[in-house]
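Structural description and commentary
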Amino acid sequence: MDSKLQNPGLNELVNRRYQHGFVTDIESDTVPPGHSEQVIRFISQKKDEPAFLLEWRLKAYRHWLTMREPGWARLHYPPIDYQDISYFSAPRKTPGLKSIDEVDPKLLATYEKLGVPLHERARLAGVAVDAVFDSVSVTTTFRDKLAAAGVIFCSFSEAAREHPELIRQYLGTVVPYRDNYFAALNSAMFTDGSFVYIPKGVRCPMELSTYFRINQAKTGQFERTLIIAEEGSHVSYLEGCTAPQRDENQLHAAVVELVALKDATIKYSTVQNWYPGDEEGRGGIYNFVTKRGDCRGANSKISWTQVEAGSAITWKYPSCILRGDNSVGEFYSVAVTNNLQQADTGTKMIHIGRNTRSTIVSKGIAAGRSQSAYRGLVKVLPTAEGARNFTQCDSLLMGSRSAAHTYPYMEIRNPGAIVEHEATTSKIGDDQLFYCRQRGLSQEDAVNLIVNGFCKQVFRELPMEFAVEAQNLLNVSLEGAVG
Amino acid sequence: MNTGFSPIWRDACQRSRNAIPQLAWLKELRDSAISVLAEHGLPDLTQEEWRYTSLTDYVQRGAAYLADKVTAADTATATLTVEETVGQPHLELLDGLLQEPGSGARVLPAGVEALSLRQLSPELRARATGLLASHKTPDDTRPLAALNMALLSDGLYLRSTATADTPPPPLHLRLASSGTAMAQPRLLIELAPGSQLSLIIEHQSAAGALANAVTQIRCGAGSRLDLLRIQDLPADALLTETTHVELDRDATLSATSLDFGGQLVRQDLSVALNGAGATANINGAFVVDGHRHIDNHTTIDHRAPDTGSREMFHGLATGHGRGVFNGRIVVQPGAVRTASALNSRNLLLATTAEIDTKPELEIFTDDVRCSHGATTGELDANALFYLRTRGLGPDEARQALITAFLHATLALITPEDLGVRVAARLQSRLEALDGAAI
Amino acid sequence: MQQSAPLLTITDLRVTVAGKEILTGMNLVVRAGEVHAIMGPNGSGKSTLAHVLAGRDGYTITSGSVSFRDQDLLAMEPEERARAGLFLGFQYPVEVPGVSNVYLLRAALNARRKARGEAEIDAAQFLRLVREKAKLMQMNESFLNRGVNEGFSGGEKKRNEIFQMAVLDPVLGILDETDSGLDIDALKVVANGVNSQRGPDRAFVLITHYQRLLDYIRPDFVHVLAGGQIIRTGDRSLALELEAEGYDQTVAAAKSQTQTAAR
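The text that follows walks through the structure, step by step, so that each part is easy to find. (Residues numbered from 1 in each chain as written. Chains lettered and ligands numbered in written order. Predicted model: local features only at pLDDT ≥ 70, side-chain atom pairs only at ≥ 80, totals over all residues. Heavy atoms only, no water.)

Details of the nonpolar core
Formally: Throughout this description, the term nonpolar core refers to a set of buried Ala, Val, Leu, Ile, Met, Phe, Trp, Tyr and Cys residues connected via side-chain atoms within 4.5 Å. Buried, partly exposed and exposed residues are distinguished by accessible area as a fraction of the type maximum, computed with a 1.4 Å probe on protein chains only: under 20%, between the cut-offs, and over 50%, respectively. The contact rule is simple, with two residues in contact once any of their heavy atoms fall within 4.5 Å.
Formed by 97 residues in total, the largest nonpolar core has its most connected members in A:L208, B:L158, B:L247, B:L253 and B:V271. In contact with B:L253, other than residues within four places in its own chain, are B:L225, B:L227, B:V245, B:L247, B:V271, B:T279, B:A280 and B:N281. In this structure, A:V334, C:V15, C:V148 and C:A203 belong to the second largest nonpolar core, which totals 73 residues.

What follows is the structure, encoded as structure tokens:
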């Protein structure tokens, strides 16, 4: 039995509006809109950061001021006014909470509505949750169990205070602040995020999970995540996003850096469901994310799995630098767009070490008047003797006004490399629909069934509870797309 | 933005604007070309369409020619030794100027007329203007076509009314460069509805040549064009080439493009399937050895229902060569029941060589079947071993596999005997390959 | 045999496809417990009939009616027909990549139960049912977890159709050229699957070109479809006659009889 495809509540999920659209009324500590060195100093001071971090932020900021917003992606959106964004907001009741009982009840209620009963879910599923509410980490569970294994899992701010040597050693080594416009902005302005350190030889005893939410109007969110897997260690990290409904566009520019040392494995899974805007394309999150993993040691492995269903604009290319010999990079992606959503997403696999291998499986589904683009780079340097890449990139179009694009870049400089790319674009076959209906399924169920089948290669890479959530998300996202 | 379009270029464009009285009818088109250049400049690496190909040497050499105030119009008497293609009708443009038929040329096939742009009647000028204005190439390549428009001193207008009952023999067009000026060859080709034409376009040049060719073709309803392009220029020749083909209802294009020579060659081939039922089959092969750089950019634009396209490029890179392939398939809204397949196959034989390939799909309608694929790798070790168990030496076995790889393209050339002749040429080319890994 | 109430009644059915009339006034009554074979030359309208009964798009019904268990079949959606107990075994079973056989079956079974106001099938019970039917069809259990018809051979697809029919338990099975492309061993398995499902409450319509299938599934009635209508009806011996003499002669003879009768 394939339980991953069981999907009982399907009908109820279809035909309803974005369910996570509500706003929690909590007083916030917000700085006025606008960017300046002063704002950066304020953020750094607020977080009691070491001096080197402030210096790094300021260098990033000065560099960012010299940069121009990139225009090569196939995305159309009105210009972003960076002076109209508030760069810091924190719930009034700030950290220092000893137990979950101390958390603002309204906050807990918010998580309930989102279907994330924090303590329940955490206990039942054995998942430690570091919940980021807007910009500041509110509570962290399972700290003791993780601590016993020597695993550090905390907010980025806390890590900057408690483990400055690790931050100093690794921050910006995978995604330098000069890397791109949005990464530079994040490096200057990031307010919080998650930090994970897995010591040598340790297999992290549980899946690590963070729920990000944007809750403050006109609040850009700039998380910074850093995961370090020491020699021979193993970690699986889950990231899920939902956001309240808003009419004004919100900017989200996160940076995620992964470092895998010799024989280490990092698995990073994302379900992204930021508010996508309404049927007419009003509102919705602008999601400009830089995610990159560095397979620094031999035999290391980094695997990205993402289900991208939300956001008005998605600009995201989780990548792997395959530096260590025999290292492995994977990218499994489902990107769903509906109404007027636009997604330009894919990956980069940079083969440097010998016998490095990468696999890319991308499934794009475009419905309504949306645009979905896959953009991926496979680069094989002359040193990457024996490198292998396989890329499969399929698009499914629903409705005659949607569009799907595929832009694979392959830059090959080693003759011993084998690089293969396959792509198809099609719609759901009338004969497939009829066949399923002849067996008794409704049109809607038949569509969901076929779409889930189309995405199966990616879903099976997700941890079980995420896989179910991802399927539900897909069905909700495609509501009314066919028929 | 005004990259590379320095005063030398501007002055040359202004000079040629009124240089040839017989081409005064082009004035408006030339003026708009000059403004395109003033606005966009010449392509550079910062543009997405040019990320793998630098025109620095090209622009420098062009500026040097222009600084000598040598324009193509002055070099009409320059001669070039070219092998005669015995027994075949042929026409030649030398540095862009249509040459009087030589002794080796036979009369044009029945139903085919060919005229210099300088000799067009008012009626034909109107037709030619329509073709000259047919530009649906991506913005980033348009400056090169505009440069040709601004600087051209002649061109060929060719029209076929030959029908299937009397299929004409292949017509050989030679685009030759003397190496003393920047050539701006221009071809305008029309196929009347229901007509047929088989064309061989061959680039030839002396050492150090520089050319910027533009070809515009319109295939009328139900017509059929077989196009073979051969580029085997000397190792220091620079060539840019922009070709745009429009197909009306049920028209068929079968094109083969071969690049074996040159220092830097960039081809932009765009095909617009404007009419329902139009189809395009495009095959290409390129060999980059030495320090050769060959860049093929193709766009097939499906603009009408029931259109079809198949495209396959084979690339071989060795030595310090670099091969670039960027194939784009676009399916416009309403172009339902489009079927399209695009493939890029590459052999990379040296660590100093590079292949950059980018097969793209842009799909704006749901009722389509589109696929693309790309592979890059070295010779199949199993196949090599198999051949050696049958008694071939290692070099022989490699040579056999390389030949087989490129011959996949030649096998598709029509008519067949032409394919055989081209294959013989390719074979001698491969035997002389300049690459350490062979 | 005592006549039971009709399951399916086709009355003067006329169907056009892209402006061309394919069924030209078809009549047929199928009662519970009966097995009907519809034979005919290529292009006689056999597959059109199967598709129209299952509710496929692209067919225009210009006149006539079809009632199924006293309901107006032509007014129903394809899935409503399926839930009412009509099963079509496809001539060319469709591949649905990534969707496992068991998942489709379970979803189909539950859709039907839900339509009848029944609870969803219990997982253990479902598994027992599926295993039992798979065994009947001599299908390896690994097939159950593979994508629907994905990468199946022609014979495996046909066997899978009969397996699905066995699980879904319809009252009327319409098998469209189920015998085509089968070797003799596969044909026996398929026939055995159908025979095991015969019973007083269930009927079958076998659409076939060759009488070979009828050696293994004995029909109660054999109809000859030509030019979009049934021109002759008989018992099994008619199938043997067709095989011996070919369609041309039978069709010509039937036509001249009709013409004679008309005079």
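Picking up after the structure, the text goes on.
Things to note about the environment of A:R401
Residue and element names in this part refer to chain A. Condition: Numbering of helices and strands starts at the N terminus; helices are DSSP runs of H or I of at least 4 residues and strands are runs of E of at least 2.
Mapped onto the fold, R401 is located in the loop between β22 (388-397) and β23 (403-412). Linking R401 and Q432, residues 31 residues apart in sequence, is a C-alpha distance of 21 Å. Setting aside residues up to four positions removed in sequence, R401 forms contacts with G368, R369 and S370.

As for the sheet that holds strand β4 (residues 60-68) of chain C
Residue and element names in this part refer to chain C. Our working rule: Strands are labelled as partners when DSSP assigns at least two bridges between them. In this analysis, axes come from line fits to C-alpha atoms, helices being fitted only over the stretch in contact, and the angle between any two N-to-C directions falls in the range 0 to 180 degrees.
Pairing within the open sheet is antiparallel, and its four strands lie in the order β2-β1-β4-β5. The sheet is open, and its two borders are formed by β2 (20-31) and β5 (71-72), each paired with just one other strand. Sheet topology places β4 next to β5; two bridges connect them, and they run antiparallel. Each residue of the ladder has a partner; that of F68, found in β5, is Q71. Here helix α1 (residues 46-54) sits on the sheet and contacts β1 (6-17), β2 and β4; the angle it forms with β1, its principal contact strand, is near 115 degrees.

Some points on the layout of surface pockets
We count it as follows: Lining residues are those with an atom within 4 Å of a point, where the points come from a 1 Å grid over the protein atoms alone and group into cavities, where a 1.4 Å probe fits but cannot get out, or pockets, open sets with protein on both sides within 12 Å along at least five of seven lines. Grid points are joined across faces, edges and corners, and a volume is the space filled by probe spheres set on the points.
Empty space within the largest pocket amounts to approximately 1,700 Å³. What lines the largest pocket is a set of 48 residues, among which A:G71, A:W72, A:A73, B:E48 and B:R51 lie closest to the centre. Residue assignment for the lining of the largest pocket shows that the elements contributing at least two residues are β13 (285-295), β15 (313-316), β16 (319-322), β19 (348-351), β21 (371-380) and β23 of chain A together with α2 (27-40) and β19 (354-363) of chain B. With four residues, the top contributor of residues to the lining of the largest pocket is β13(A).

Some details on the interface of chain C and chain A
Put simply, the test is: Each salt bridge in this description consists of a side-chain nitrogen of Lys or Arg and a carboxyl oxygen of Asp or Glu lying within 4 Å of one another. Any pair of nitrogen or oxygen atoms within 3.5 Å is treated as a polar contact; in protein, a donor-acceptor pairing is required on top of that, and neighbouring residues in sequence qualify only through side-chain atoms on both sides. Amino acids outside the nonpolar list (Ala, Val, Leu, Ile, Met, Phe, Trp, Tyr, Cys, Pro) and the charged list (Asp, Glu, Lys, Arg) are all regarded as polar, and Gly is one of them.
Across the boundary between the two partners, chain C contributes 36 residues, which contact 24 residues of chain A. Counting across the interface, chain C meets chain A through three salt bridges. We note a salt bridge from A:R437 to C:E77, for which the minimum N-O separation is 2.4 Å. In this assembly, chain C and chain A are joined by 12 residue pairs in polar contact (both at pLDDT 80 or more). Secondary structure elements with two or more residues in the side of chain C that touches chain A: α2 (78-83), β6 (86-89), β7 (96-100), α3 (101-115), α4 (123-136) and α5 (154-168) of chain C. At eight residues, α3(C) tops the list of elements feeding residues into the side of chain C that touches chain A. The class makeup of the residues in the side of chain C that touches chain A is 22 nonpolar, six polar and eight charged.

Some points on the packing of α2(B) against helix α5 (residues 142-151) of chain B
Residue and element names in this part refer to chain B. Stated precisely, the cut-off is as follows: In these notes the angle categories are as follows: under 35 degrees is roughly parallel, over 145 is roughly antiparallel, 65 to 115 is roughly perpendicular, and the rest is oblique. Throughout, a crossing is termed right-handed when the near helix is turned clockwise from the far one, and left-handed when it is turned anticlockwise from it by less than a right angle.
At a minimum axis separation of 8 Å, α2 and α5 run at an interaxial angle of 140 degrees. Taken as axis vectors, α2 and α5 run oblique relative to one another. The element α2 and its partner α5 pack so that their crossing is left-handed. In contact with L29, R30, A33, I34, V36, L37 and H40 of α2, α5 contributes P143, A146, L147, M149, A150 and L151. Split into classes, the residues belonging to the contact of α2 with α5 amount to 11 nonpolar, one polar and one charged.

Quick notes on the packing of helix α6 (residues 381-389) of chain B against helix α7 (residues 394-410) of chain B
Residue and element names in this part refer to chain B. Remark: α6 packs on α7, axes separated minimally by 9 Å, with the N-to-C direction vectors making an angle of 125 degrees. Taken together, the axes of α6 and α7 lie oblique to each other. The handedness of the crossing between α6 and α7 comes out as right-handed. On α7, the residues that touch A383, L384, L387 and R388 of α6 are P394, A397, R398, A400 and L401. When grouped by side-chain class, the residues that make up the contact of α6 with α7 number seven nonpolar, no polar and two charged.

Let's talk about helix α8 (residues 416-431) of chain B
Residues and elements named next belong to chain B. Put simply, the rule reads: Expected helix span is taken as 1.5 Å per residue step, with the number of steps being one fewer than the number of residues. This arc is built from the directions going out from the helix axis to the C-beta atoms.
Helix length check: α8 (16 residues) gives 23 Å between terminal C-alpha atoms against 22 Å at 1.5 Å per residue, within 8%. Among the residues of α8, L418, G419, V422, A423, L426, R429 and L430 are the ones counted as buried. The buried residues of α8 all sit within an arc of 135 degrees when viewed along its axis, so they share a single face. For α8, the exposed residues set more than 90 degrees away from the buried face come down to V420, A424 and E431. Buried-residue contacts for α8 involve β8 (196-205), β10 (224-231), β12 (252-259), β14 (279-288), β16 (308-317) and α7.

Shape is all these values report; function is a separate question.
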